[in-house]
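Observations on the three-dimensional arrangement
Below, each chain spelled out in residue letters.
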Amino acid sequence: MNKGQVSILGVVILTGIVMGLVSVTYVWAGPLITKNIDKANVNSVISFMNNLNEDILYVASTGSSRVISASLGEASFIIDAENNQVIIEMSSSVPMINSVTESPINFHELATKRENFDTNASLIDSTTQLSGYDSTSYYSIVALAEGNYNASLFKNSTSSNFDLLCIWNSSITKLTDCANVGQTISVQGTTYEVVYINSTGSNALFIGGLVENKGIFGLEPSGILSGKGFNSNNKEYITLYLKYRGLVSDDNVDFKIFIDCSNNCAFSNENKNFVISRTNIVRGSGYVYTYINIEVD
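Conventions we followed
Residues numbered from 1 in each chain as written. Predicted model: local features only at pLDDT ≥ 70, side-chain atom pairs only at ≥ 80, totals over all residues. Heavy atoms only, no water. Core = buried A, V, L, I, M, F, W, Y, C linked by side-chain atoms within 4.5 Å. Buried < 20%, exposed > 50% of the residue type's maximum accessible area, 1.4 Å probe, protein only. Helix = DSSP H or I, 4+ residues; strand = E, 2+ residues; numbered from the N terminus. Contact = heavy atoms within 4.5 Å. Polar contact = N/O pair within 3.5 Å; in protein donor to acceptor, adjacent residues only side chain to side chain.

What to know about the nonpolar core
Core analysis: the largest hydrophobic core is formed by 33 residues, its most contacted members being F48, I56, L72, F77, F274 and I292. If you list the elements that add at least two residues to this core, you get helix 1 (3-62), strand 1 (66-71), strand 2 (76-80), strand 3 (85-92), strand 16 (235-244), strand 18 (254-263), strand 20 (271-284) and strand 21 (287-296). In contact with F77, not counting residues within four places along its chain, are F48, L72, V86, I87, I88, C265, A266, F267 and F274. Counting residues in each nonpolar core, the second largest holds 18 residues, with V142, L144, Y192 and V194 among its members.

The following block contains the structure:
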């Protein structure tokens, strides 16, 4: 074999070794590359949501229109005007949210909260009878969305502790209207969970469905960015929310932004431009409502 053949053979062998090393490196680094890309994509979408919120607030306060561009990759985008929120759904090979329940991202609290009823049972009832409980109960009147109800606390005849809460009006059925701590009562389609009952019957705490968690005007944000995710098949499926809530001023005026969409209110895998404009401001006794339209091209 002459020198020329040896040289060519050496190049071929060296090339094979290099290609082999490159292949091994790619196989090893491939998942890492994918994770880095997914992480960058999620951060990019979160950044877009923050920018969208800033532009909506700018348009609401100035009346000047804004245009924002978005390249959301494989994410799905929804303008949910009925619930006054923007939703983006996506997946990632890297856990980014790590919470199966909705958690705030740009603030310490959410735009909604569970309705809280802290009752002071200062009234006395000696006419309502329940099996296993004393005839004398303590109660208060609570205003639920469906009307006024009695929130009654009953004393267990065996333990001599108050351990039962009943929510009722004209009549009471223990099976459907009453619950112990950790149990629930359904009233006209709304579920209320009993959190606490004072053993002396002086007060109790129960929580209901989601209601608007209003903030402080001038100090707290109206647009709340939040998210949740669940893991399946080595992927985290993420849902991000940008939701608007009312802000209450010192003189008890409720300021709130309402968003609407005129076209392309839901899409995925597309690059889009968002035209944001203010369509109306409605002022009334105790409220100022600003209406924003988002047109997607």
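What about the environment of T128?
On the secondary structure map, T128 appears in the loop between strand 6 (123-125) and strand 7 (137-144). Separated by 24 residues in sequence, T128 and S152 have C-alpha atoms that sit 9.8 Å apart. Setting aside chain neighbours within four positions, we find T128 in contact with S135, F154, W168 and I172. Engagement of the side chain of T128 in a polar contact is seen with the side chain of D125, the distance being 2.5 Å.

Here's the deal with unusual backbone geometry
One non-glycine residue, S160, lies in positive phi territory at about 65°. Relative to the helices and strands, S160 resides in the loop between strand 8 (147-155) and strand 9 (162-168). In this structure S160 comes out as partly exposed when scored by relative accessible area, which is 43%. Non-glycine residue N234 carries a positive phi angle of around 65°. What makes N234 exposed here is its relative accessible area of 75%.

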